[in-house]
Each structure stands twice: as C-alpha cells, then as structure tokens.
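Each chain is listed here by its residues.
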Amino acid sequence: YVLPHMPRDGRGRIIHIASERGHIGTPGVSVYCAAKGAILNLTRQMAVELAPVKIGVTAISPGPILTEYSLDRYQDDPEGRKAMLNAVPMGRFGTPEEVAAAAAFLASDEANFIHGTSLVVDGGYLAQ
C-alpha cells in the first residue's frame, strides 16, 4: 500500500524489525525464530525487487533489549536475567533508544548503499 507513495530518488526506505533469533535457532521458540527468519528473507527479496526503483530495504535485528517485556520476563527469574547478561559480551541489555538510533541511521542518506541486509543491534550476542 505504501509503495505508490514512496519517493523514487534513492531516499525511499523500508526498514523491517527482525530479531537476532532470526539468525539462530533457540530451543522452545521455533515459531518465533522461523517468523523472524522469514522477515530477514523478505528483506532480501524486497531489496532485489525494489532496487530498480531506488527504494532501499533493510532490517534491524535487535538482541536483548530492555523493554517492558524483558522487565516482566526476568522480574521473578534473576538467574535467567543473569544468564542472558552473561551471554551478551557487552554485559548489559540494549535500550530502545539504541534500536531507534539504528533505524535513524538506516533511514539516513549515509546508509544509501546499505541494502538487503540486517543491522544486528545485540551487544555482540551473535558474534560468539
């Protein structure tokens, strides 16, 4: 629905939100991992299809981000929280503002040649 209204001058951007779980498998969340993997593949496919009309397509794959969901999830599970933080090389949760900064960058002219890929914002979680 939005494509007819998007600029065709190289400034049009579509930014999907995926997850680091779209890059890896995790026990107990197979449907979530599959859905996020599908978003990553949709990003690649749309990038190929929309490149000729100069619309950039990327995704952001956040890792552990400090949200209401994560606060609720770990409220009664301090060991789970500790295990997650130990799995992140930076040793902390990311913030929604850091994900927003990634989106702002991908929407900027500085990201004109970034196309068909995902920017992972996870404190190094996938680097291990």
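Residues numbered from 1 in each chain as written. Predicted model: local features only at pLDDT ≥ 70, side-chain atom pairs only at ≥ 80, totals over all residues. Heavy atoms only, no water.

S.K.: For the layout of surface pockets, give the residues involved together with the corresponding values.
M.R.: In this structure, the largest pocket encloses a volume near 610 Å³. Around the largest pocket, the lining comprises 23 residues; the ones closest to its centre are R21, Y32, G63, Y69 and R73. If one sorts the elements of the lining of the largest pocket by residue count, helix α2 (residues 68–75) sits on top with 4 residues. Grouping the constituent residues of the lining of the largest pocket by class yields 14 nonpolar, 5 polar and 4 charged. (1 Å grid on protein atoms, 1.4 Å probe; cavity = no way out; pocket = protein on both sides within 12 Å on 5 of 7 lines; lining within 4 Å. Points joined across faces, edges and corners; volume = space filled by probe spheres on them. Helix = DSSP H or I, 4+ residues; strand = E, 2+ residues; numbered from the N terminus. Nonpolar A, V, L, I, M, F, W, Y, C, P; charged D, E, K, R; others polar.)

S.K.: Mind laying out the sheet that holds strand β1 (residues 12–17), listing which residues take part and the relevant values?
M.R.: Spatially, β1-β2-β3 is the arrangement adopted by the 3 strands of the open sheet, whose pairing is parallel. Edge positions in the sheet fall to β1 and β3 (118–121), since each has one partner strand and no second. Taken pair by pair, the neighbouring strands of this sheet meet at an average axis angle of 25°, ignoring direction. In the sheet, strand β2 (residues 55–62) pairs with β3 via 4 bridges, with the strands oriented parallel. Its bridge partner lying in β3, P62 is registered against V121. Contacts between helix α1 (residues 30–50) and the sheet are confined to β1, β2 and β3, with β2 contributing the most and set at about 165° to the helix. (Pairing = 2+ DSSP bridges. Axes fitted to C-alpha atoms, helices over the stretch in contact; angles between N-to-C directions. Contact = heavy atoms within 4.5 Å.)

S.K.: Quick rundown of the pairing of β1? Include the residues and the values.
M.R.: Strand direction decides the pairing type here: β1 and β2, joined by 6 bridges, are parallel. Along β2, the bridge assignment pairs I15 with T58. As for the winding sense of the linkage, the β-α-β connection from β1 through α1 to β2 is right-handed. (Right-handed = clockwise from strand over helix to strand, strands pointing away.)

S.K.: Residue-level account of a nonpolar patch on the surface, with values.
M.R.: Together, F105, I114 and L119 make up an exposed nonpolar region whose accessible area comes to about 210 Å². Of note, L119 is situated in strand β3. (Patch = residues over 30% accessible without salt bridge, like charges linked within 9 Å, V, L, I, M, F, W, Y side chains within 5 Å. Areas by Shrake-Rupley, 256 points an atom, 1.4 Å probe, with all protein chains shown as cover. Salt bridge = Lys/Arg side-chain N within 4 Å of Asp/Glu carboxyl O.)

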